[in-house]
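Inside the fold
Below are the chains, spelled out letter by letter.
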Amino acid sequence: MITSVHAVIAGREYDTGFHVTTPNAFYVQKYLRDAVDHGDTHMVLEVTSHALDQYRVFGIPFRVGVITNVTHEHLDWHKTLVHYLRTKFQLLRQSHIAIVNMDEENIYKENKRSLHENSVITYGIKQKADITPKIFPFETLLLGRFNQYNCLAAISAAKALSIDEKIIRTTLKEFHGVVGRMEVMYRKDFTVIVDFAHTPNAITQVLSTVRPMTKGKLIHVFGSAGLRDPFKRPMMGKASSEFADIIILTEEDYRTESLDTIMDQIQKGIAKAKKVYRIFSRKEAIEKAFSLVKKGDTIIFTGKGHEKSLCRGTVEYSWSDQEEVKKVLRTLKLD
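Residues numbered from 1 in each chain as written. Predicted model: local features only at pLDDT ≥ 70, side-chain atom pairs only at ≥ 80, totals over all residues. Heavy atoms only, no water.

Quick word on the packing of helix α9 (residues 233-243) against helix α10 (residues 259-267)
- With their axes 6 Å apart at the nearest point, α9 and α10 run at an angle of 55° to one another. It follows from the interaxial angle that α9 and α10 lie oblique. Seen along the crossing, α9 lies across α10 with a hand that is right-handed. Mapping the contact onto sequence places R233, P234 and G237 in α9 and I262, Q265 and I266 in α10.
- The residue makeup of the contact of α9 with α10, split by class, is 3 nonpolar, 2 polar and 1 charged. (Axes fitted to C-alpha atoms, helices over the stretch in contact; angles between N-to-C directions. Helix = DSSP H or I, 4+ residues; strand = E, 2+ residues; numbered from the N terminus. Parallel < 35°, antiparallel > 145°, perpendicular 65-115°, else oblique. Left-handed = near helix turned anticlockwise from the far one by under 90°. Contact = heavy atoms within 4.5 Å. Nonpolar A, V, L, I, M, F, W, Y, C, P; charged D, E, K, R; others polar.)

Here is the structure:
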C-alpha cells in the first residue's frame with residue numbers, strides 16, 4: 001500500500017515524503033514494480049486530486065476506484081469545486097469498478113454519466129444503495145459517522161474483489177485504526193486525541209464525534225498550512241467554533257506565510273464569544289492546552305496527525321504531536 005502515512009511494499013516500510021500522499025510517477029511505478037517482483041497480488045494506492053491532475057498515476061488501470069468524499073479542499077490548485085470534482089472523477093474513469101457514495105449523489109450527478117462503461121457499486125447510510133449498514137451489518141472500533149462511511153467504502157471495495165464476507169467482518173471488528181486518525185493518547189480523568197483533520201469538513205466530522213463524548217469542555221488546538229488554500233481558513237474557524245469551548249490557534253507548516261495572517265483568517269470564522277488563544281509555538285500551544293484541562297474535558301490536536309515534520313519558513317523540522325503529548329504526560333506523571 002501507498003498512503004498518506006507510509007508505503008509498505010514487498011514487506012518493507014517506506015517514508016513517502018514530507019506532506020505528500022501520492023509520490024511522483026517515477027516512485028509510484030517503482031513501488032508497483034517492486035510489489036510485482038515480490039509476488040504481491042494487490043496494491044492499495046491513496047490517490048490525491050493533485051496526483052491525478054499532475055499525471056502521477058497516468059496509465060494505471062485500477063481494478064477498483066473509490067471516492068470517499070468531496071469537500072472544500074485544494075482550491076488554491078483547482079480554483080473551483082467543479083474542476084476539483086472533475087479531477088477526482090478521473091480516478092473512477094481509470095477504474096474497472098467504481099465505488100460511489102450515494103449519500104453524496106447530488107455532488108456526483110453530473111460526472112456519474114461518464115461512468116456508463118464502468119461497473120458501479122454504491123454505498124450509503126441515508127440513501128438506497130448496494131451496500132448499507134442494514135444490507136451488510138458490521139461492527140467497528142472506529143469512532144464517528146465518517147468512519148461508518150469509510151467502513152462501507154472498504155466493504156464495497158472488498159466485495160468488488162470477491163473477498164469472503166466473514167473475513168471482511170472480522171477485519172472490521174478487529175481493526176484499531178491508523179496513526180494520527182482519531183488517535184486516543186490518554187483517556188482517564190480527561191481525554192487527549194490527535195487527528196489529521198485539516199479541512200472544514202474534517203474538523204466538523206471529528207469535533208461532532210468528540211463533542212457528545214465530552215462531559216466537560218472541548219479544547220481544540222489547530223492551525224492551517226501556509227501557501228495552501230486560504231479560502232478554507234475562515235470555514236475551519238467556524239467549524240471549530242461550532243463545537244469547541246476553547247480554541248488555541250497555532251502553527252501548522254506556515255512555510256513563508258505570516259502566522260499572524262493565517263490566524264487572522266481562521267479567526268474571522270470564529271464566534272466572537274469564544275475563548276481564543278493565539279500561540280505561535282505548537283509546543284507551547286500543546287502545553288497551554290494541558291494547563292487548561294480539567295476533569296471531564298477533552299483536548300484534541302488536529303492538522304498534523306501522522307506527520308513527522310513541521311515546516312517553518314523553508315526548513316522542515318522534526319516534529320510529532322504524539323511525542324510532544326507524551327512528553328507533557330510524562331511531566332505531569334500521567335503516562
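Side note on the packing of aromatic side chains
- All chains considered together, the criterion is met by 7 aromatic pairs.
- Judged by centre distance (5.2 Å) and plane angle (90°), the rings of F26 and Y27 are edge-to-face.
- For Y27, a relative accessible area of 40% puts it in the partly exposed group.
- A connected cluster of aromatic rings, assembled from ring pairs, spans Y14, F26, Y27 and Y31.
- The residue whose ring lies beneath K275 is Y277, and the NZ or CZ to ring-centre distance is 5.0 Å.
- The aromatic ring of Y317 is capped on one face by R312, whose charged end is 5.3 Å from the ring centroid. (Phe/Tyr/Trp six-rings, centres within 6.5 Å; stacked < 30°, edge-to-face > 60°. Buried < 20%, exposed > 50% of the residue type's maximum accessible area, 1.4 Å probe, protein only. Lys NZ or Arg CZ within 6 Å of the ring centre and 35° of its normal.)

What to know about the pattern of salt bridges
- This model, assessed by the stated rule, comprises 17 salt bridges.
- R211 is the partner of D245 in a salt bridge, and the nearest nitrogen-oxygen pair spans 2.8 Å. Pair noted here: D245 is in the loop between α9 and β9 (246-249) and R211 is in the loop between α8 (200-210) and β8 (218-222), with a separation of 34 residues, a long-range link.
- Overlapping salt bridges bring together K159, E165 and R169 as one network. (Salt bridge = Lys/Arg side-chain N within 4 Å of Asp/Glu carboxyl O.)

Here we look at a nonpolar patch on the surface
- Taken together, the side chains of L161, I163 and I167 present a nonpolar region at the surface, about 240 Å² in accessible area.
- In this structure, I167 sits in helix α7 (residues 165-174). (Patch = residues over 30% accessible without salt bridge, like charges linked within 9 Å, V, L, I, M, F, W, Y side chains within 5 Å. Areas by Shrake-Rupley, 256 points an atom, 1.4 Å probe, with all protein chains shown as cover.)

Considerations on the packing of helix α11 (residues 282-292) against helix α12 (residues 321-331)
- Remark: α11 packs on α12, axes separated minimally by 10 Å, with the N-to-C direction vectors making an angle of 45°. In terms of orientation, α11 lies oblique with respect to α12. Helix-helix and strand crossings are classified by hand; for α11 and α12 the assignment is right-handed. Contacts between α11 and α12 involve R282, K283, I286, E287 and F290 from the first element and D321, E324, V325, V328 and L329 from the second.
- Per-class residue counts for the contact of α11 with α12 are 5 nonpolar, no polar and 5 charged.

The analysis is restricted to geometry; functional conclusions fall outside its scope.
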